[in-house]
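Chain residues, written in single-letter form:
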Amino acid sequence: MRVLTGIQPSGTLHIGNYFGAMKPMIDMMNNTDNEIFCFIADYHALTSIRDPKQLRENITNTILDWVACGLDPDKITFYVQSDIPEVQELAWLLHTICPMGLLERGVAYRDKVENGVNAHSGLFNYPVLMAADILMVQADIVPVGKDQKQHIEIARDLAIKFNYEYGELFTLPEGKIEKSLATLPGIDGRKMSKSYKNTIPLFAEESVIKKQIMSIVTSSLGVDEKKDPDSCNVFALYKVFASEEEQATLAKKYTDGGMGYGEAKKILLEKVIKYFTPMWEKRKELIHQPDLIKNIRKSGVEKVRPFAQKVINQAKEKVGIL
Ligand code: ADP
Ligand code: TRP
């Protein structure tokens, strides 16, 4: 089976992204016989980033962050969307068979417009480009969050339509919705998200991480009072780093009383530092490898383009352009 994941290079990663998206993907890479394709969706990011310097930096940083966290470009096929121009060619072929109604029912587009995002046709047509990403590499499985489910259905509909109109070519992709993954709370207790500015960054100076952890919102119970771990944001974050035994030990300190929230935060901070230090160190090393990004991109192109060229040529032949 071929599994495909796309990552938007849309900003600084936080520990919610790590546990919700990066770690599951890296674990899968290490424990599967499936063929994994993973790419940086830079053309998609253009629908929200208008600053060229920022986009360029985000692309490089996203590659470095993922590799520092354990993604191994030798074990999987890792590439940048814009390095495979055939994706854009395929997107156009799909546009010409895509019924307007399919996009007009798009929830993500409507949501964004309702939230005051300026509508442009890139945003409206976003799912067609995503379908091209998926169909280009003949992906069988696409693991995504709930919010992306409709996009996979659109990709599948377009594959069915193309195959019906022009003859069998595309594999019908299936979405794999990861629902069991915990949603990490941010420092204010809402879902950790860059749009809420409540994140604990994944790669930052220790002092920045400390400041964020120390400002996690807690109840106002005093040191001696008994506390409930299950309703505490500090404990919710601690859980993803700690073994069951460690969780039980800290939970007991909550329920016994005698531990202030400041102390709980220090325990969490220590854990966070210990957990991420190897990745911080690896990232520092990666920065000093001048050709790293170039080589990763080159190897991605070598792995994907011959395949993409074959598929696009077949598609062009079917529609009558070749
Ligand atoms: P953000 O909400 O910060 O903008 P994205 O929407 O870009 O994050 O999400 C990128 C990936 O990280 C997605 O797979 C998403 O499910 C995951 N993710 C984001 N925030 C969290 C969180 N708080 N807990 C768990 N996973 C998260
Ligand atoms: N739309 C996805 C997101 O915002 C990113 C993405 C683009 C993607 N193309 C894809 C994901 C193809 C999976 C497959 O998270």
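Just so it is clear, the model here is predicted, and its values are computed rather than measured.

Each value, and the rule that gives it
- Numbering of residues starts from 1 in every chain and runs along the sequence as written.
- As a convention, the first chain written is A and the first ligand written is 1, with the rest following in written order.
- The predicted nature of this model means local features are confined to residues of pLDDT at least 70 and side-chain atom pairs, given and counted, to a pLDDT of 80 or more, with totals for whole chains, interfaces and linings taken over all residues.
- With hydrogens and water stripped out, all remaining heavy atoms of the structure feed into the side-chain values.
- The nearness test applies per residue and asks whether one of its heavy atoms lies within 4 Å of the molecule or strand.
- Distance and chemistry together define a polar contact, namely a pair of N or O atoms within 3.5 Å, with one atom able to donate a hydrogen and the other to accept it when in protein, and with adjacent residues in sequence counting only for side-chain atoms on both sides.
- Residue burial considers only the protein chains on display, and all accessible areas are found by Shrake-Rupley using a 1.4 Å probe.
- Gly falls in the polar group here, along with every residue not listed as nonpolar (Ala, Val, Leu, Ile, Met, Phe, Trp, Tyr, Cys, Pro) or charged (Asp, Glu, Lys, Arg).
- Any Phe, Tyr or Trp ring, taking Trp's six-membered ring, that has another such ring centre within 6.5 Å forms a pair; planes under 30 degrees apart are called stacked, those over 60 apart edge-to-face, and the others tilted.
- Exposure categories follow from relative accessible area, calculated using a 1.4 Å probe and restricted to protein chains: below 20% of the type maximum is buried, above 50% is exposed, and the middle band is partly exposed.
- Helix and strand assignments come from DSSP, with helices taken as H or I runs of at least 4 residues and strands as E runs of at least 2, each series counted from the N terminus.
- Comment: the charge-over-ring label is applied if NZ (Lys) or CZ (Arg) is within 6 Å of the ring centre and within 35 degrees of the ring normal.
- Cysteine sulfur atoms are paired as a disulfide whenever they come within 2.5 Å of each other.
- Here a strand pair is declared whenever DSSP counts at least two bridges between the two strands.
- Any Lys or Arg side-chain nitrogen found within 4 Å of a carboxyl oxygen on Asp or Glu counts as a salt bridge.
- A domain assignment, automatic or from a database, supplies the domain bounds used here.
- Contact definition: two residues touch when any of their heavy atoms are within 4.5 Å.
- The quantity reported as buried area is the accessible area (1.4 Å probe) lost by two parts once they are put together, taken as the sum for both.

### A look at the site of ligand 1
- For ligand 1, the full set of nearby residues is His14, Gly16, Asn17, Gly20, Ala21, Ala182, Thr183, Leu184, Lys191, Met192, Ser193 and Lys194.
- In this structure, an oxygen atom belonging to ligand 1 sits 2.7 Å away from a side-chain N or O atom of His14.
- In the environment of ligand 1, an oxygen atom lies 3.0 Å from a nitrogen or oxygen atom belonging to the side chain of Lys191.
- Computed on the free molecule, ligand 1 has an accessible area of 530 Å², of which 69% lies beneath the protein chains in the complex.
- When the residues that make up the shell around ligand 1 are grouped by side-chain class, the tally is four nonpolar, six polar and two charged.

### Let's talk about the packing of aromatic side chains
- In total, this model carries 18 aromatic pairs according to the counting rule given.
- Relative to Phe19, the ring of Tyr18 has its centre 4.9 Å away and its plane inclined at 90 degrees; by these criteria the two rings are edge-to-face. Pair check on accessibility: Tyr18 and Phe19 agree, each one buried.
- Taken together, a centroid distance of 5.2 Å and an interplanar angle of 85 degrees make the contact between Phe241 and Tyr275 edge-to-face. Within this pair, whereas Phe241 is found in helix 10 (residues 233-241), its partner Tyr275 is found in helix 12 (residues 261-287), the two being separated by 34 residues in sequence.
- Of the residues examined, Tyr275 reaches a relative accessible area of 24% and is grouped as partly exposed.
- Here the aromatic cluster, defined as three or more aromatic residues joined through ring pairs, consists of Tyr18, Phe19, Phe241, Tyr275, Phe276 and Trp280.
- Across the ring face of Phe307, the terminal group of Arg2 is positioned such that the distance to the ring centre comes to 4.7 Å.
- The residue whose ring lies beneath Arg283 is Phe203, and the NZ or CZ to ring-centre distance is 5.4 Å.

### Examining the site of ligand 2
- Around ligand 2 sit Leu4, Gly6, Gln8, Phe39, Ala41, His44, Tyr126, Met130, Asp133, Ile134, Val142 and Gln148, and those are all the residues in its vicinity.
- For ligand 2, a nitrogen atom lies 2.7 Å from a polar atom in the side chain of Asp133.
- Within the contact set of ligand 2, a nitrogen atom lies 2.9 Å away from a side-chain nitrogen or oxygen of Gln148.
- Computed on the free molecule, ligand 2 has an accessible area of 370 Å², of which 87% lies beneath the protein chains in the complex.
- Put simply, the parts of the chain that give the shell around ligand 2 at least two residues each are strand 1 (2-7) and helix 7 (121-136).

### Digging into the state of the cysteines
- Counting across every chain of the model gives zero disulfides.
- You can see Cys38 has no disulfide; the closest cysteine sulfur is in Cys69, sitting 12 Å from it.
- Overall, Cys38 belongs to the buried group, its relative accessible area being 0%.
- Given a relative accessible area of 7%, Cys69 falls into the buried group.

### Digging into the pairing of strand 3 (residues 77-80)
- Of the two faces of strand 3, the one holding Thr77 and Tyr79 and the one holding Phe78 and Val80 are both buried throughout.
- With four bridges connecting them, strand 2 (residues 35-40) and strand 3 associate as parallel partners. Its bridge partner being in strand 3, Cys38 is matched across the sheet by Phe78.

### Here we look at the pattern of salt bridges
- Applying the stated criterion across every chain yields a total of 15 salt bridges.
- We note a salt bridge from Arg2 to Glu35, for which the minimum N-O separation is 3.1 Å. Of the two residues, Arg2 sits in strand 1 while Glu35 sits in strand 2, which places them 33 residues apart along the sequence.
- One salt bridge in this structure joins Arg283 and Asp65, with 2.5 Å as the shortest N-O distance.

### So, the domain arrangement of the protein
- Structurally, the protein comprises domain 1 (2-184 + 290-319) and domain 2 (204-285).
- Computed from C-alpha coordinates alone, the two centres of domain 1 and domain 2 are separated by 35 Å.
- Opposite the 11 residues of domain 1 that make contact, domain 2 presents eight residues.
- Summed over both partners, the interface of domain 1 with domain 2 buries about 910 Å², with 70% contributed by carbon and sulfur atoms.
- Looking at the side of domain 1 facing domain 2, the largest losses of area belong to Ile15, Phe19 and Ala68, adding up to 48% of the total buried there.
- Counting across the interface, domain 1 meets domain 2 through one salt bridge.
- The interface formed by domain 1 and domain 2 holds four residue pairs in polar contact (both at pLDDT 80 or more) in total.
- Broken down by secondary-structure element, the contributors of at least two residues to the side of domain 1 that touches domain 2 are helix 1 (15-30) and helix 3 (52-68).
- With five residues, helix 3 is the single largest residue contributor to the side of domain 1 that touches domain 2.
- When its residues are assigned to classes, the side of domain 1 that touches domain 2 shows eight nonpolar, one polar and two charged.

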